[in-house]
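Structural characterization, general
Residue-level listing of the chains:
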Amino acid sequence: MSAMQKYVSQKQRVVFLDIARGLAILFMIAQHSMLVHEVNEGEGSSILGNIFLLLGTAPAAPVFLIIMGIFIANSKASTQRNIIRGIKIFLLGYVLNFARFTVPLLIAGALGSPYTEGETPLDYFLAVDILQLAGLSMIFGALVKPYVENKFIIPLIILLIMLVSPLLWGILNENIVASLFWGSGEHVYFPFFPWFIYPLLGMYLSKYFLDPGFIKDKFRNIVSYGILLLLTGILLTSVFPDMDYQRSGIALHLIIIGFVLVWIPACYAISQKVTKKNTIIKTLTFWSKNVTSMYFIQWVLFGWSILILGVNMYSAAVAALIGLSVLIVTHYLIKNDKVVQLFSSLSK
């Protein structure tokens, strides 16, 4: 049995991945607080707003997806079981869409408040967000899993997706199914192309990141590769200037991948300096363990908050306080065993 297999078979949590994912949850909620409640959606002259938006990019969704890919590759479940789980997560995305924005907007409409110009509750129900992406990634990841050990197939698929995706965006843009894969509409936040590259990357890296000795021995090498990819991405921005976060070409993705290859070893370094009993580490691990329920509940709280607090009406500082309140309420809600059991049954 390999060191990785021994490590994983002990069913102990991988602390540095929990740190990375726990921080991703924190950064995600910080970003959402700006998007929903800050007067300029976090953009503009507010330093705090811009910082929170930035934290919700590379250290958040890409980290979620890469870690998901790591555990897809290491899953002992059958292909059929992983596909079924992927379908459940995919459908959960629409349950979330309905709960977080569709219902509050319908209530707001009944109370006489206008919808956003040109948008309806149905637009928000059909939004393509990270749970739809995660579900599709679980399905297609299960199909790709037999090729994880091949050194060339997955990197080649990643490269092809980064190069081909820009050619697909907008084709059949009004088609609901096409929007899931390469849509360019305003409510398509995480189209499968190009975002599937991150679960694929996680699957490819799983044998390294789940080997307790690998990062320790190759720490500097991983960071060096990350810096190299990051700098390469920056140099390529003049050739591939499209830098939109939701739909971007190869340059931005190389920057993000490079960042993550520095960020995850940094989380490993943190895990070596503190104990699992540290209060902050225990909290981050708790959030990471309950990532699906954290994501679902915080979005529902943000969605319903618009009925009381409105949309994009506050300074960055006030929006941050709203985000902190959402984080605290979410944290204590998922301490309820019934809530945890509900989301476990929906996503497993």
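Scroll up to find the structure.
Residues numbered from 1 in each chain as written. Predicted model: local features only at pLDDT ≥ 70, side-chain atom pairs only at ≥ 80, totals over all residues. Heavy atoms only, no water.

1. Quick word on the overall build of the chain
Helix and strand counts for the chain stand at 17 helices and zero strands. For the chain, whose C-alpha radius of gyration is 20 Å, the value lies close to the compact-globule estimate of 20 Å for 348 residues. Across its three principal directions, the C-alpha atoms of the chain cover 65 × 50 × 45 Å. Burial analysis of the chain (348 residues in total) assigns 50% to the buried set. Considering only residue pairs separated by 6 or more positions, the chain has 80% of its internal contacts joining residues 24 or more positions apart. Between the mean site of the 24 positive side-chain charges and the mean site of the 16 negative ones, the chain shows a separation of 22 Å. (Helix = DSSP H or I, 4+ residues; strand = E, 2+ residues; numbered from the N terminus. Rg over C-alpha atoms; globule rule 2.2 N^0.38 Å. Buried < 20%, exposed > 50% of the residue type's maximum accessible area, 1.4 Å probe, protein only. Contact = heavy atoms within 4.5 Å. Lys, Arg positive; Asp, Glu negative; His and termini not counted. Charge placed at Lys NZ, Arg CZ, Asp CG, Glu CD.)

2. Considerations on the side chain of Glu38
With respect to the secondary-structure elements, Glu38 resides in the loop between helix H2 (15-37) and helix H3 (47-55). Although Glu38 is buried, it forms no salt bridge, and the closest oppositely charged side chain is Arg100 at an N-O distance of 18 Å. Separated by 2.7 Å, the side chain of Glu38 and the backbone nitrogen of Asn40 make a polar contact. Other than its neighbours up to four places away in sequence, Glu38 contacts Ser33, Glu43, Ser46, Asn312, Met313, Tyr314, Ser315, Ala316 and Ala319. (Salt bridge = Lys/Arg side-chain N within 4 Å of Asp/Glu carboxyl O. Polar contact = N/O pair within 3.5 Å; in protein donor to acceptor, adjacent residues only side chain to side chain.)

3. So, helix H15 (residues 291-309)
With 19 residues, H15 extends 26 Å between its outermost C-alpha atoms, agreeing within 8% with the 27 Å of an ideal straight helix rising 1.5 Å per residue. Restricting attention to buried positions, one finds in H15 the residues Val291, Ser293, Met294, Tyr295, Phe296, Ile297, Gln298, Trp299, Phe302, Gly303, Ser305 and Ile306. Just past H15, the residue Gly310 takes up positive phi, approximately 80 degrees. (Expected span 1.5 Å × (residues − 1).)

4. Overview of the packing of H15 against helix H16 (residues 316-333)
Orientation of H15 relative to H16, taken along the N-to-C sense of each, is 130 degrees, at an axis distance of 9 Å. Taken together, the axis directions place H15 and H16 in an arrangement best described as oblique. The two elements H15 and H16 meet at a crossing, and its hand is right-handed. Counting all contacts with H15, which are made through Met294, Ile297, Gln298, Leu301, Phe302 and Leu309, the residues of H16 involved are Ile322, Gly323, Val326, Leu327, Val329, Thr330 and Leu333. A per-class count over the contact of H15 with H16 returns ten nonpolar, three polar and no charged. (Axes fitted to C-alpha atoms, helices over the stretch in contact; angles between N-to-C directions. Parallel < 35°, antiparallel > 145°, perpendicular 65-115°, else oblique. Left-handed = near helix turned anticlockwise from the far one by under 90°. Nonpolar A, V, L, I, M, F, W, Y, C, P; charged D, E, K, R; others polar.)

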